[in-house]
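# Summary of the model geometry
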Amino acid sequence: MILAHVHPAAGPGLSGLWEQATVVAALLAAVAHGTAAGRLRRRGDTWPRWRVVSFTAGSAGVAWAAAGPLPGGPFTAHMVQHLLLGMAAPLLLVLARPLTLALRVLPPGAARRRLPALAHSRPVGWLVFPPLAALLDVGGLWLLYRTELFATMQHRPLLHAVVHAHVLAAGLLFTFAVCRLDPVRRRWRLPLRGTTLLAAGAAHAVLAKTLYASPPPGAVLTTADLHTGAQVMYYGGDLVEAALGVVLAASWYRATGRAQRHHRRRAASATGPRAVTGAPAGQEAAPPAAARPGAVPEQSGPLTADAQPAADRPDGNTFGFSEVVQQGSRRLRSNKGTDAARRPR
């Protein structure tokens, strides 16, 4: 990667072409993402607006890193460029879930079938394996700054462009592998992704400290510029990695909430018969009171004089001989009236 404010000595036209191509590609990607999101909302589907803002900001960061003015001396500006291309912009782009948006907006057809097939292919599954993605990202930075590659590419614009592309692609791959927001072949478990993030952050911090102590081999830098650039790499990298940790924590929180809701639904379905019948699950409900032998049916309304309990009656009599005599006399009078009504005159 060449310093942000210094173009390669040979072939400046190629360097300018790379910068222009990067800016145009970033702007086209932002327009395509916004158009797809608008098409999705027009047909009645939901797509959060903050994702469009996130993707637009990431695309703007890529364009600014390629052609915009950057602060500080040559090495400090280069480190700002490294943070934008390799860390901040990839995080903003991945948070927008571009693969999910493409799968939802594409019409049925060959492209709609091939995109999931590519995302679930075995090579992609290995590329988004978190330790491998971290090796490609942070390992590439160690190769760049602890060898003469950094000094060599200052005079080779093609190599400068290739290193730029690698930093952006490796940053996107690592961020995608750690966050894992879009559907791919295999969703690696959260402990593996969290451990990989911690290991990559430690390796990035150690590299920044080595740069603070000594410049890249073959590079001629002032002490103040070297120290400021190393501090930008150290503290700026910590900020982006902390943001990645927040995304991981939010993913863990959502996954735990889904698991708890699923557990509650299963528990409710298992205890459903108990709530209806009042009996433990797996046991039959007891028969109603009216169906049990010798039981007195329940009264739905107020108790009458005949059905009132003996303890609540004014005379205090129980169901004995007097009650039987009274009920028999009432039935006898009722039968006599019915027979008289039926007798022909």
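Reading the values: rules and limits
- Residues numbered from 1 in each chain as written.
- Predicted model: local features only at pLDDT ≥ 70, side-chain atom pairs only at ≥ 80, totals over all residues.
- Heavy atoms only, no water.
- Helix = DSSP H or I, 4+ residues; strand = E, 2+ residues; numbered from the N terminus.
- Buried < 20%, exposed > 50% of the residue type's maximum accessible area, 1.4 Å probe, protein only.
- Contact = heavy atoms within 4.5 Å.
- Areas by Shrake-Rupley, 256 points an atom, 1.4 Å probe, with all protein chains shown as cover.
- Lys, Arg positive; Asp, Glu negative; His and termini not counted.
- Salt bridge = Lys/Arg side-chain N within 4 Å of Asp/Glu carboxyl O.
- Polar contact = N/O pair within 3.5 Å; in protein donor to acceptor, adjacent residues only side chain to side chain.
- Axes fitted to C-alpha atoms, helices over the stretch in contact; angles between N-to-C directions.
- Parallel < 35°, antiparallel > 145°, perpendicular 65-115°, else oblique.
- Left-handed = near helix turned anticlockwise from the far one by under 90°.
- Nonpolar A, V, L, I, M, F, W, Y, C, P; charged D, E, K, R; others polar.
- Core = buried A, V, L, I, M, F, W, Y, C linked by side-chain atoms within 4.5 Å.

### Regarding the overall build of the protein
Scanning the protein from N- to C-terminus turns up 13 helices and zero strands. Overall, the protein shows an N-to-C arrangement of helices and strands of α-α-α-α-α-α-α-α-α-α-α-α-α. A total of 345 residues make up the protein; the buried ones form 34% of that total. By sequence separation, contacts in the protein at least 24 residues apart represent 74% of the contacts at least 6 residues apart. Counting every atom, the protein has about 20,200 Å² of accessible surface; 64% of that belongs to carbon and sulfur.

### Some thoughts on the side chain of Arg193
Looking at the element boundaries, Arg193 is found in helix α10 (residues 190-213). For the buried Arg193, which has no salt bridge, the nearest side chain bearing the opposite charge is Asp182, at an N-O separation of 12 Å. For Arg193, the side chain forms a polar contact with the main-chain oxygen of Val178, separated by 3.0 Å. Ignoring sequence-local partners within four residues, the contact set of Arg193 consists of Pro130, Ala177, Val178, Cys179, Arg180, Trp188 and Leu248.

### What about the pattern of salt bridges?
Within this structure, the stated rule accounts for one salt bridge. A salt bridge links Arg43 to Asp45; the shortest N-O distance between them is 2.7 Å. With a relative accessible area of 47%, Arg43 lands in the partly exposed category.

### Some details on the packing of helix α7 (residues 130-145) against helix α9 (residues 157-179)
Running from N to C, α7 and α9 cross one another at 150 degrees; their axes reach a closest spacing of 8 Å. Judged by the inter-axis angle, α7 sits roughly antiparallel to α9. For the pair α7 and α9, the crossing hand works out as left-handed. Touching Pro130, Ala133, Ala134, Leu136, Asp137, Gly140 and Leu144 of α7 are Val163, His166, Ala170, Gly171, Leu173, Phe174 and Ala177, all from α9. Considered class by class, the residues forming the contact of α7 with α9 number 10 nonpolar, three polar and one charged.

### Quick look at the nonpolar core
By size, the foremost hydrophobic cluster in this structure holds 26 residues, and its most contacted members are Phe75, Met79, Leu144, Tyr145, Phe150, Leu211 and Met233. Taken together, the elements giving at least two residues each to this core come down to α2 (49-67), α3 (74-95), α7, α9, α10 and α11 (223-270). No other element matches α3, which puts seven residues into this core. Ignoring sequence-local partners within four residues, the contact set of Met79 consists of Tyr145, Leu211, Gly229, Val232 and Met233. Counting 23 residues, the second-largest nonpolar core is a separate cluster that includes Val128, Phe176, Leu197 and Val240.

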